Amino acid sequence: MIRAFCCLAAALAAFPLVAQDPERGFRPFSYDFAAEAALAARIDVDNPDPVQLREIFAKRRARVMEAMPGGAMIVYSVERAQERRLEFQVPESDNHDFTYLTGLDSVYSLDSALLLLPEAGDAEGRLDEPVRDWVVLYTSMDPAAIAARTGIEDVRPFAILEHDLSVAMTDFRDWRITQVRRWPLAAALSRAWGARDKVLYLNYPRFFRLGMPEPGRLQEFERIRRFSPEIRLRDSAEILDQVRQLQDSWSIANLRRSVAIVNEGVRHGFRSTRPGMTELQVMQVIDFVYRYRGASLGFPTSVRRTGVQTPHDGDELPEGWIEFVARAGGEVFQAGDLVWTDTGAAFNHYSADVQRTAPIDGRFTERQRELYEIALDVQKTVIGMVRPGATWWQLHDKAMEMLRDAGGYDEYYYYGIGHFIGMDVHDEGDYLVPFKPGMALAIEQGVMPPEGPRVAFEDDVLVTEDGHEWLSRMIPLEIEDVEALTSGPGAFDFLE
Ligand SMILES: [Mn+2]
């Protein structure tokens, strides 16, 4: 999707392209795109094999522990604490890190936390049992039931977390043998911290508003720091972003499904658009198809008869109010209009993000066709550039160049060429590193002169080992396909 009057490009331009802060390191971790893609093809996202699913989530946790340079990580389940963000999100976005690592959501994730402690074989001091990775889930539900559901063997009541952490913060040199034997997890953590930097990764809010009531867990984080100033608290996003941006089998399978559902929604929505219908009614058709297919909305569906909304339309809201911007309204379609949508179904928390434009009468005017061809050419060219090693800025610059050469349309292209997709429509990722196999991208641009007509596209693309896979290719885009789509009868014609 496009954020209304998005400033992503400006923000990225201001970001210095310096070498990574060595302290913000993560270790290389195992990820085999070909294997993940092959497994994705065998997953039934409607009725996943629970054993297979538990293995997939175990692999995610193992990957995160591999990527951690040391220390421990606690990912709390998070209830939505702040209403407005600097970024568009769904209500569950805050909890996506926890869901990503456990598979738990909704009521099964309330008051929970996941502790990851990678094996610290070279730490000083003896334990009562072999050194190993620790994965501990703290839950407010029945631990046995959650253990069965997740496949995590060590599940404890949530109240125990405070105890385990308090004990572990004691210097391992002070530990009596009795205590080492009594509290093996806390002993392992205390020993791993030992005399080195006591690093604890915690999930801070990813997007926040300083002026609003703060999430309760921040007070806990502050207490930890006060009790043990030696502990260095770090943001778990440093590690999780690196892992989450490489889509695994479950992610790929669900992204495919989301895109397939969008294909159905857009086809029904566009086919149904008639003079006299409102933007809101077309939006409802699209949203209905998503819900009928068991999906939710990755973000509110936008439908406009004027094409994509641009800053020239005025009506600007301050940054951070995106959730309150109406994305479809009461404008009534007229003969000769284009219909434009920016939409994404979400399936099992994975969101597609697609934009399409079509003539509601089944026939472009000459001017509409002219602009459509320009935008289509840019879209195909930019998507064609997606391969490992390419960068976001290469794609953006190419689009700007082509839009400029086609008639100065770069002047009206006010957002950035794209973003990562995944659990969030604007997913976690690192926009400064070149593309790698397994990254999922949304590529969005258009020809948007303020006087219209406006044509904009957005497509979902998976970076593969030797190039890319255009996931949303089947959603009508070629001129003849789009015209054919809106020529036929609509599913809701009987409603008049
Ligand atoms: Mn988008």
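Refer to the structure above for everything that follows.
Nothing here was measured: the structure is a model prediction, and the numbers come from that model.

(A) Focus on the sheet that holds strand 11 (residues 350-351). Across the sheet, 3 strands lie side by side as 7-10-11; this open sheet has antiparallel pairing. Either end of the sheet is taken by a strand with one partner, and the two such strands are strand 7 (296-297) and strand 11. As judged from the 2 bridges shared by strand 7 and strand 10 (residues 345-347), these two strands associate in the antiparallel manner. Within strand 10, the residue paired with L297 across the bridge is A345. Relative to strand 10, helix 11 (residues 249-272) is tilted by about 145 degrees, and along the sheet it contacts strand 10 and strand 11.

(B) Fine view of helix 14 (residues 392-405). Given a rise of 1.5 Å per residue, 14 residues ought to cover 20 Å, and the 20 Å separating the end C-alpha atoms of helix 14 matches this to within 8%. Listed as buried for helix 14 are W392, L395, H396, A399, M402 and L403. Each buried residue of helix 14 sits inside an arc of 135 degrees when the element is viewed along its axis, so together they form one side. One or two residues past the end of helix 14 sits G407, with phi positive at roughly 145 degrees.

(C) Representation of the layout of surface pockets within the structure. Of the volumes computed, that of the second largest pocket is approximately 470 Å³. Lining the second largest pocket are 21 residues, and of these L53, F57, G103, L104 and W250 sit closest to its centre. Where the lining of the second largest pocket is concerned, the elements lending two or more residues are helix 3 (50-67), helix 4 (96-102) and helix 5 (143-150). The element contributing the most residues to the lining of the second largest pocket is helix 3, with 5 residues. Taken together, the residues of the lining of the second largest pocket sort by class into 11 nonpolar, 6 polar and 4 charged. Residues from two domains meet in the lining of the second largest pocket; each of domain 1 (28-244) and domain 2 (249-495) gives at least three.

(D) The sheet that holds strand 2 (residues 113-117), seen in detail. The strand order 4-3-2-1-5-6 describes an open sheet built from 6 strands, whose pairing is mixed. Across the chains shown, the open sheet's two edge strands, defined by having one partner strand only, are strand 4 (154-157) and strand 6 (231-235). The mean angle between the axes of side-by-side strands here comes to 20 degrees, regardless of whether they run parallel or antiparallel. Judged from the 5 bridges that link them, strand 5 (residues 198-202) and strand 6 form a sheet pairing that is parallel. Directly across from L200, in strand 6, lies its bridge partner L233.

(E) Region of interest: the nonpolar core. By size, the foremost hydrophobic cluster in this structure holds 110 residues, and its most contacted members are V64, M73, Y372, L441 and I443. When residues of this core are assigned to domains, at least three fall in each of domain 1 (28-244) and domain 2 (249-495). If near-sequence neighbours (up to four positions away) are discounted, V64 is found in contact with M73, L101, L116, I239, L240 and V243. Counting 33 residues, the second largest nonpolar core, distinct from the first, contains A72, I74, L165 and F221.

Cut-offs used in this document
Residues numbered from 1 in each chain as written. Predicted model: local features only at pLDDT ≥ 70, side-chain atom pairs only at ≥ 80, totals over all residues. Heavy atoms only, no water. Pairing = 2+ DSSP bridges. Helix = DSSP H or I, 4+ residues; strand = E, 2+ residues; numbered from the N terminus. Contact = heavy atoms within 4.5 Å. Axes fitted to C-alpha atoms, helices over the stretch in contact; angles between N-to-C directions. Expected span 1.5 Å × (residues − 1). Buried < 20%, exposed > 50% of the residue type's maximum accessible area, 1.4 Å probe, protein only. Arc of directions from axis to C-beta. 1 Å grid on protein atoms, 1.4 Å probe; cavity = no way out; pocket = protein on both sides within 12 Å on 5 of 7 lines; lining within 4 Å. Points joined across faces, edges and corners; volume = space filled by probe spheres on them. Nonpolar A, V, L, I, M, F, W, Y, C, P; charged D, E, K, R; others polar. Domains from an automatic or database assignment. Core = buried A, V, L, I, M, F, W, Y, C linked by side-chain atoms within 4.5 Å.

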